[in-house]
Each structure stands twice: as structure tokens, then as C-alpha cells.
Amino acid sequence: MAYENILSEYQDGKTVITINRPKKLNALNRATIQELHDAFAEADASKDTKVIIITGSGEKAFVAGADISEFADFSMGEGAKLAAKGQALLFDFVENLSTPVIAAINGFALGGGLELAMSCHFRVASTNAKMGLPETSLGVIPGYGGTQRLPQLVGKGRAMEMIMTAGMIDANQALTYGLVNHVVSQEELLSLCQGIAAKIMKNSSVAIGKAIKAVNANYKDGKDGFKTEIKQFGKCFGTEDFTEGTSAFLEKRKADFPGK
Ligand code: COA
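Residues numbered from 1 in each chain as written. Predicted model: local features only at pLDDT ≥ 70, side-chain atom pairs only at ≥ 80, totals over all residues. Heavy atoms only, no water.

## What to know about the pairing of strand β5 (residues 101–105)
And then number 1: Burial of β5 is extensive: five of the five residues sit out of reach of the surface.
And then number 2: The two faces of β5 match: Val 101, Ala 103 and Ile 105 on one face and Ile 102 and Ala 104 on the other face are all buried.
And then number 3: Here strand β3 (residues 51–56) pairs with β5 via three bridges, running parallel. Paired with Ile 54 across the bridge in β5 is Ala 103.
And then number 4: Where β5 meets strand β7 (residues 122–126), four bridges bridge the pair, whose relative direction is parallel. Bridge pairing in β7 links Ala 103 to Arg 123. (Buried < 20%, exposed > 50% of the residue type's maximum accessible area, 1.4 Å probe, protein only. Helix = DSSP H or I, 4+ residues; strand = E, 2+ residues; numbered from the N terminus. Pairing = 2+ DSSP bridges.)

Have a look at this one:
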């Protein structure tokens, strides 16, 4: 599929999606959110893509936020619709994909940019990255899941401070907070993510999809993560990947997962 605001490239089991509006620091306008939805859906549906990596183009920004120019004059109703639609199309959507998604944070990840990174299954940052939720400085609150996912990742107190101060933290502080898993130079960022993806790809894609579901369940209101884990665990026993994985172990050979 051809896109205007993003690039989507497949290679060796991985799809790299790059938000490509560097002049606007890759800010998320409506069209970009729709294109991201389409690209994620396409990659997730493809049998060949085992891991998705998302990053920003240029050296400055991952994503500098939702495109402020698009919502500055919105009414209350329009504001609520914007958040609901964005969450359904992109943020909740990405979090619940069964294909692992890694955010490669190559610069500013602010507002909707950090919210997008937090929707991914985990994050890797370059040393120049800066992260924050500046919404309260614009008189609004994070609306793409930031008030929920930031406390889940860094703890309530740190999240409160970041949201209330609207300040930015650097990559090393994000590492200390557990917001990102690794920090490397900008030049090494994508190759580190590709390396992690290669490790993921050795394992059962079916089991990974179920693990994502089970981990996420703990963070959903009204759902019991342990129960979901038991259910998903049980389902694994009916998959060909499970048969292959356990047989390979017992036969002392490497597993060759059929992905079913
Ligand atoms: N929405 C729309 N446009 C944005 C944007 C956003 N979130 N972030 C940056 N841009 C645009 C700027 O308007 C500017 O466009 P222009 O060249 O047409 O004037 C361009 O991207 C470059 O940004 P600029 O502010 O000149 O770069 P900088 O290096 O001086 O500052 C930031 C970088 C990230 C600190 C600054 O751009 C910023 O604060 N952005 C908004 C962050 C934010 O509040 N995000 C949350 C939104 S809810």
C-alpha cells in the first residue's frame, strides 16, 4: 500500500514503520493516524511479519505529539471524539496486536508521541531522546491513553509529576524509570531493535500473541489477568507450535515453529 505520511518496509520477518513528516517533527495528524492504523493492520495480518518496529524519520523526533494545529479550535464533543477515535484506531489497536511491536524512540516523543511509544509492547531509545506529556501546558490532558499507561510503566508518583509539570525526561532518566528498556546511540538504535526482533522471531509467534493478551489483561478494568493467563495458557496446548516446541525440546533439537 502507498502512504503519504509514513513508510512501511518489510525485510526478513520484520516490518519497520517510519512516521515521515520530519518538517513537522512527525506530529500525528488525522491522516497519519489512519495510515498508521492501516500499516499496522497490514503488517499484523501478514504471515511473514513476525515483529513490527516503529520509529520517526529524521534525527530530531520520534513524534512531537498530536498535531496541535488540527484540534486547537475543537469543542468539548469534538475533543472527546478525537480521543476516542484515536485510541480505537491506533493506541489500543497497537497495544492489542498479536504481533510484537517495538518503539525505536529516535528523538522527541512528546504527548501523542510518547503515548504511541507506550502503546507499543516495549521501547528502546537513542541517547538524544526526550520524553514527556506536555498536554497540561496546553490546557488539556493526555487523551491517547497517557494517563493510564504512564503510571502503569513508571509508577503513579512519577507519572503524576511528569503530567503535572509537563516536563521532559531524557533517555537515561527514562531508563531509570523503566519507561524504556535500553538506551543506545542514534546510529545503533535500529540495529539493536532488529537484534531483539531476531531473538523474538526464534520463538513461537502463537505463544507470543497469547502472552501479549495475558500481560495486557492485567491492565484492563474488570478483567483478571491471572484468569486470562490461565485461559490463554490452556489454548496454547491446542496449537501446532506447542507440539513442535515441546517435541523439539524433548528430541534435543531446535524448534521450527509452523506459526499455527
Ligand atoms: N503539532 C503540530 N506541529 C508541530 C508539533 C505538534 N505537536 N510539534 C512541532 N510542530 C511543528 C512546529 O510547529 C514547526 O512547524 P513550522 O516549521 O511550520 O513552524 C515544526 O514542527 C518544527 O518545530 P519547532 O517548534 O520549530 O522545533 P523546536 O526544535 O524549536 O522545538 C519541540 C521542538 C518539540 C520542543 C517543539 O516543537 C514543541 O514543543 N512541540 C509541541 C510538543 C507538544 O506540546 N506536544 C503535545 C501535543 S498534545
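There's more to say after this.
## Side note on the site of the ligand
And then number 1: What surrounds the ligand is a group of 16 residues, the closest being Lys 24, Lys 60, Ala 64, Ala 66 and Ile 68.
And then number 2: A distance of 3.4 Å separates an oxygen atom of the ligand from a polar backbone atom of Lys 23.
And then number 3: In the model, an oxygen atom of the ligand is placed 2.5 Å from a nitrogen or oxygen of the Lys 60 side chain.
And then number 4: Notes on the ligand: free accessible area 870 Å², of which the protein chains cover 59%.
And then number 5: Sorting the residues of the shell around the ligand by element identifies α2 (68–71) and β6 (108–110) as the ones contributing at least two each.
And then number 6: Of the residues contributing to the shell around the ligand, the split by class is 10 nonpolar, one polar and five charged. (Near = heavy atom within 4 Å. Polar contact = N/O pair within 3.5 Å; in protein donor to acceptor, adjacent residues only side chain to side chain. Areas by Shrake-Rupley, 256 points an atom, 1.4 Å probe, with all protein chains shown as cover. Nonpolar A, V, L, I, M, F, W, Y, C, P; charged D, E, K, R; others polar.)

## Focus: the pairing of strand β2 (residues 14–19)
And then number 1: Counting buried positions along β2 yields six of six residues, so the element is predominantly enclosed.
And then number 2: Side chains Lys 14, Val 16 and Thr 18 of β2 all project onto a buried face; the interleaved residues Thr 15, Ile 17 and Ile 19 project onto the opposite face, where all are buried too.
And then number 3: Relative to β2, strand β1 (residues 6–11) runs antiparallel, the two being bridged by six bridges. By the bridge assignment for β2, Tyr 10 is matched with Thr 15.
And then number 4: Between β1 and β2, which pair antiparallel and follow one another directly, the connecting turn spans two residues, one of which, Asp 12, has a positive phi of 50°.
And then number 5: Alignment of β2 against β3, held across six bridges, turns out to be parallel. Residue pairing in the sheet places Thr 15 in a bridge with Ile 52 of β3.

## Digging into a nonpolar patch on the surface
And then number 1: On the surface, Ile 68, Leu 138 and Val 140 cluster together to form a nonpolar patch covering roughly 240 Å² of accessible area.
And then number 2: Within the secondary structure, Val 140 sits in the loop between β8 (130–132) and α5 (146–154). (Patch = residues over 30% accessible without salt bridge, like charges linked within 9 Å, V, L, I, M, F, W, Y side chains within 5 Å. Salt bridge = Lys/Arg side-chain N within 4 Å of Asp/Glu carboxyl O.)

## Remarks on the domain arrangement of the protein
And then number 1: On domain assignment, one finds that the protein holds domain 1 (6–201) and domain 2 (205–250).
And then number 2: For domain 1 and domain 2, the distance between their C-alpha centres works out to 26 Å.
And then number 3: On the side of domain 2, seven residues touch domain 1, which itself brings 10 residues to the contact.
And then number 4: Across the domain 1 to domain 2 interface the summed buried area is about 640 Å²; carbon plus sulfur atoms make up 56%.
And then number 5: Together, Glu 95, Ser 98 and Gln 152 form the three largest contributors to the area buried by domain 1 at its contact with domain 2, with a combined 50%.
And then number 6: On the surface where domain 1 and domain 2 come into contact, there are zero salt bridges.
And then number 7: Across the contact surface, domain 1 and domain 2 share two residue pairs in polar contact (both at pLDDT 80 or more).
And then number 8: Classifying every residue of the side of domain 1 that touches domain 2 gives three nonpolar, five polar and two charged. (Domains from an automatic or database assignment. Contact = heavy atoms within 4.5 Å. Buried area = accessible area lost by both parts, 1.4 Å probe.)

## Description of the packing of helix α1 (residues 30–45) against helix α3 (residues 76–95)
And then number 1: Across the interface, α1 lies against α3 with an axial gap of 9 Å and an inter-helix angle of 35°. Judged by the twist between their axes, the crossing of α1 over α3 is left-handed. Across the interface between the two elements, Ile 33, Gln 34, Leu 36, His 37, Phe 40 and Ala 41 of α1 pack against Leu 89, Leu 90, Phe 93 and Val 94 of α3.
And then number 2: In terms of residue class, the contact of α1 with α3 is made up of eight nonpolar, two polar and no charged. (Axes fitted to C-alpha atoms, helices over the stretch in contact; angles between N-to-C directions. Left-handed = near helix turned anticlockwise from the far one by under 90°.)

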